[in-house]
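# A structural walkthrough
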Amino acid sequence: MEILTAIQKQYLEQPKERISGSEAIVRCLLAEGVDVLYGYPGGAIMPVYDELYKYEDKINHVLTRHEQCAAHAAQGYARISGKVGVAIATSGPGATNLVTGIADAQIDSTPIVCITGQVPSYLLGSDAFQETDIVGISTPVTKWNHQVTKASQIPEIIARAFYIAKSGRPGPVLIDITKDAQFEEFDFQYKKCTGVRSYVPVPKTDSLSVTAAAELINSAKKPLIIWGQGIILSKAEEELKALVEKAGIPAAWTIMGASALPTSHPLNIGMVGMHGNYAPNVLTNDCDVLIAIGMRFDDRVTGKLDEYATQAKIIHFEIDPAEIDKNIQTDVAVLGDAKQSLLQLIPQIKTNSHPEWLQRFKDLYVIEYDKVIKNDLHPTKEGLTMGEVIKEINIQTNGEAAIVSDVGQHQMIACRYADFKVTKSNITSGGLGTMGFALPAAIGAKMAAPEREVVAVIGDGGYQMTIQELGTIFQNKVPVKIVVLNNEFLGMVRQWQQLFFEKRYASTEMVNPNFVAIAQGYYIEAKKVTKREDLASAVKEMIDSDAPYFLEVCVEKEGNVFPMIPTGASVSDIRLE
Amino acid sequence: MTTEKQLYTVSVYTENNIGLLNRISAIFQRRQINIESLNISVSEIVGVSRFTILINMSEEQIKKIIGQIEKQVEVIKAYYHTDDDTIYQESCLFKIKSDLLFEERQIQNIVKDSNAHIVTVNKEFFVLEKSGRRAELETLHKALSVFGIMQFVRSARIAVTKDELKISEMLNAFKN
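Here the structure is a predicted model, which means the values were calculated and not measured.

## Some thoughts on the overall build of chain B
When you go through chain B residue by residue, the secondary structure sums to six helices and nine strands. For 176 residues, the compact-globule estimate of 2.2 N^0.38 gives 16 Å, and the C-alpha radius of gyration of chain B, at 20 Å, exceeds that figure by more than 25%. Across the 176 residues in chain B, those meeting the buried criterion constitute 24%. Long-range pairs, those at least 24 residues apart, make up 76% of the contacts in chain B between residues at least 6 apart in sequence.

The structure is reproduced here in structure tokens:
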């Protein structure tokens, strides 16, 4: 049950009152418990901004420097808090700029509500100034969207937006509101949405399927768990831990599932997928029962599908029926919320351990350590590695930081080497792979969880896609820590060019500006590190700072991320070099 | 499960909302699947729309598509059926020069034999309507085309299933 705040209660228990559509929008947000929203004003949304001005003591509007970043900030807010993030923009370009963030939220199941202004209803379809069919454009990348043309529709539609965004498998919702509906007055009253008749957010868990899963797990000799973000979204971290420990099953995670179980847990055997750990990838093709929980067998996880775990019985715990058998044929599908399903499962699981099987993961880890990890974390060559920077962040933050990574080599390194102690600590663009995600997402994350250390780890390419958000950080004094791992390349693409395109480095080399000067231009404390001996003190200084801080680390130019499953190869053909 | 392509009739019960057509057609479009025919109408339940979509694909594919359709918030339920599971029809209209009715005696026989019926006749043209299976419609089209057809149009397939679909129960369950 959701606990309502005093402000929420005030706006939920209000008698009917005649107000404008735009004021209603703000009151709806307050009734939904929104304390901060990210956005950018413009013509078609001005009435709402006028109300935000009046309500600024109750709701904090953060002016991002680009609407895309409003959406990403809302994502960061949602990912660290589990609450719905809110972004707001004007019609036309304001709305289209949100689309990347919306698509990112859709593929990574992140609950956000985007509100866009629209030209007045009598101008719809006339190619009016800043008119764009944002409902049409956003349809394939939203969980739900709707256009409002009458003020009286506002409360019901916004209530529904929050309900749909948050319930079941979460996702983005866009509500487009015409300017005349914002001006129109009506008798406002707000009621939260508790259901939509055509929508089943959480399918019923069939107890027979749970029993079938338990039997398979109990009889398995070489079981392997792979969990995804579903664990985090359903708050099933404790249940996952209980299952893993009771059944003694080695457990691996997808990039979106990272941090649900501490990195140091003895049964946490690492990340699966293209740049995941050696052992869980190789042994996916050796396990006898594969237990997938809240993950969706993405192609970056499975590699070549028809050589993926063909020897294993597959159990799939999943909230979204459309994911069952989508990529991998399951033997037992357990539909439902992961937490509820695991709570039913655990009592039926026999206490067990699989020491020989676990030893095989340890043996392969040793191989990976010698070939890859040692060189990443304890390099002997002159150039700094991305891995040692992450290691230093682990040390200085005691593994308690939330790491917000962008997309590319640094992202893989951050996910591989971050020492996660707390859940919801890995905020990254997993499905869409949106460069430019990290800086704005870190803003949202830090504002939603001010008590947590939030470290954005970004490459020099992605950083420059949303670098203008330094302005948002400066203006709002958001104490995020920004680490740019600068290799003067679009590193991941360069790595592929090196391995698969005979080193033809087409448009991947970057001539970069003075990043420190840029940060300082925004009055953000900044430092650049080029030598190993300066790294630890610089990271410490950054973490010790109470203010926003920018740290550029110049790393080896042509470092590669390994292990790697080449596209089209099987998970067990993962390369170590 | 068969990977061979065949014709499936997809029936989708939905809320009657603007934009849903876009949402459903996008599911086919992103997979590069051509919709053979599409009909949207009211259903047996007040306020509930029914999409009837004809698709040529494998069962493996159609199952995934059904999952993607049902996942849409405003979709109540989606089904796929083979021709054997349904009673289905299409309709078509022929606009033909009225003179031909008198000049070409054969046409009158064709009309009679085909069980088509004349919707309207005036001095310039008459309109013939025929409902039935695709093959029957095609046979009639072939027979008439030798005389010249001014206009021809064929509707999408509509179909009811032999089995009960229990949509009302589903909606009632939500109320309780």
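## Looking at the overall build of chain A
A tally of helices and strands in chain A yields 23 helices and 20 strands. Projected onto the principal axes, the alpha-carbon positions of chain A cover approximately 70 × 60 × 40 Å. Here chain A, with 577 residues, has 57% of them falling under the buried criterion. Across chain A, contacts joining residues at least 24 apart in sequence account for 77% of those joining residues at least 6 apart.

## A look at unusual backbone geometry
Residues and elements named next belong to chain A. For the bond from F562 to P563, the omega torsion is 0°, close enough to zero to count as cis. With a phi close to 45°, E502 is a non-glycine residue in the positive phi region. Within the secondary structure, E502 is located in the loop between α21 (491–500) and α22 (515–521). One non-glycine residue, S507, lies in positive phi territory at about 50°. When you line up the elements, S507 lands in the loop between α21 and α22. Classification of S507 by C-beta neighbours within 10 Å gives exposed; the count is 9.

## Comments concerning the packing of helix α9 (residues 207–219) of chain A against helix α14 (residues 338–345) of chain A
Residues and elements named next belong to chain A. As a packed pair, α9 and α14 sit with axes 9 Å apart at the nearest point and diverge in direction by 60°. By the criterion of interaxial angle, the relationship of α9 to α14 is oblique. Taken as a pair, α9 and α14 cross one another with a handedness that is right-handed. Contact residues: α9 offers S207, V210, A213 and A214, while α14 offers S341, Q344 and L345. Each residue belonging to the contact of α9 with α14 can be placed in one class, and the counts come to four nonpolar, three polar and no charged.

## Regarding the sheet that holds strand β19 (residues 525–529) of chain A
Sheets are built from strands that pair by backbone hydrogen bonding, the pairs being arranged parallel or antiparallel. Residue and element names in this part refer to chain A. Judged by pairing direction, the sheet is parallel, and its six strands sit side by side in the order β16-β15-β17-β18-β20-β19 without closing on themselves. Of all the strands in the sheet, just β16 (426–427) and β19 have a single pairing partner and so form its edges. The pairing of strand β15 (residues 402–405) with β16 spans two bridges and is classified as parallel. Paired with V404 across the bridge in β16 is I427. Against the sheet, helix α16 (residues 386–397) contacts β17 (454–459), β18 (481–486) and β20 (549–554), and its axis sits at roughly 160° relative to β18.

## Quick notes on the sheet that holds strand β7 (residues 172–178) of chain A
All names here are of chain A. Taking strand neighbours across the sheet as the criterion, the six strands line up as β3-β2-β4-β5-β7-β6 in an open arrangement whose pairing is parallel. On the outer flanks of this sheet lie β3 (60–63) and β6 (144–148), each paired with one strand and no other. Ignoring which end each strand starts from, the neighbouring axes of this sheet average 20° apart. Against the sheet, helix α5 (residues 93–107) touches β4 (85–89), β5 (112–118) and β7, its axis set at about 160° to β4. Against the sheet, helix α7 (residues 154–166) makes contact with β5, β6 and β7, and its axis sits at roughly 165° relative to β7, the strand it touches most.

## Digging into the pairing of β6(A)
Regular strands show a simple pattern: their side chains alternate between the two faces of the sheet. All names here are of chain A. Counted residue by residue, β6 has five buried out of five residues, so it is predominantly covered. Of the two faces of β6, the one lined by W144, H146 and V148 and the one lined by N145 and Q147 are each fully buried. Taken together, the five bridges between β6 and β7 define a ladder with parallel strand orientation. Its bridge partner being in β7, H146 is matched across the sheet by I175. Each parallel crossover has a hand, and the one from β6 via α7 to β7 is right-handed.

## Digging into the domain arrangement of chain B
Looking at the assigned domains, one finds that chain B contains domain 1 (5–81) and domain 2 (88–154). Each of domain 1 of chain B and domain 2 of chain B has a C-alpha centre, and these two points are 31 Å apart.

## So, the environment of A:T96
All names here are of chain A. Take T96: it is sitting in helix α5. Residue T96 is classed as partly exposed on the basis of its C-beta count, with 18 C-beta atoms lying within 10 Å. If we ignore the near neighbours within four places in the chain, the residues touching T96 are T132, I134 and I137.

## Re the packing of helix α11 (residues 237–247) of chain A against α14(A)
All names here are of chain A. The N-to-C vectors of α11 and α14 enclose an angle of 35°; their axes lie 9 Å apart at closest approach. The chirality of how α11 crosses α14 is left-handed. Of the residues in α14, those in contact with E239, L240 and L243 of α11 are K339, L342, L343 and L345. Across the contact of α11 with α14, the residue classes break down as five nonpolar, no polar and two charged.

## Regarding α11(A)
All names here are of chain A. Restricting attention to buried positions, one finds in α11 the residues E237, E239, L240, L243, V244 and A247. Projected down its long axis, α11 shows its buried positions confined to an angular sector of 165°, all on one face. Of the surrounding elements, those touching the buried residues of α11 are α9, β9 (223–227), α10 (229–233), β10 (251–253), β12 (289–293) and α14. Following α11 by one or two positions, G248 has its phi on the positive side, about 60°.

## Details of the environment of A:P93
Topologically, A:P93 is positioned in helix α5. Each C-alpha atom of the pair A:P93 and A:I134 lies 9.6 Å from the other, and the pair is 41 residues apart in sequence.

## As for α5(A)
All names here are of chain A. Given a rise of 1.5 Å per residue, 15 residues ought to cover 21 Å, and the 22 Å separating the end C-alpha atoms of α5 matches this to within 8%. Along α5, the largest kink reaches about 35° and is centred on T100. Downstream of α5 by a residue or two, S109 has a phi angle that is positive, lying close to 50°.

Calculation criteria
Residues numbered from 1 in each chain as written. Chains lettered and ligands numbered in written order. Predicted model: local features only at pLDDT ≥ 70, side-chain atom pairs only at ≥ 80, totals over all residues. Helix = DSSP H or I, 4+ residues; strand = E, 2+ residues; numbered from the N terminus. Rg over C-alpha atoms; globule rule 2.2 N^0.38 Å. Buried ≥ 20, exposed ≤ 12 C-beta atoms within 10 Å, placed from the backbone. Contact = placed C-beta atoms within 7 Å. Axes fitted to C-alpha atoms, helices over the stretch in contact; angles between N-to-C directions. Parallel < 35°, antiparallel > 145°, perpendicular 65-115°, else oblique. Left-handed = near helix turned anticlockwise from the far one by under 90°. Nonpolar A, V, L, I, M, F, W, Y, C, P; charged D, E, K, R; others polar. Pairing = 2+ DSSP bridges. Right-handed = clockwise from strand over helix to strand, strands pointing away. Domains from an automatic or database assignment. Arc of directions from axis to C-beta. Expected span 1.5 Å × (residues − 1). Bend = angle between axes of the 7 residues up to and from the residue.

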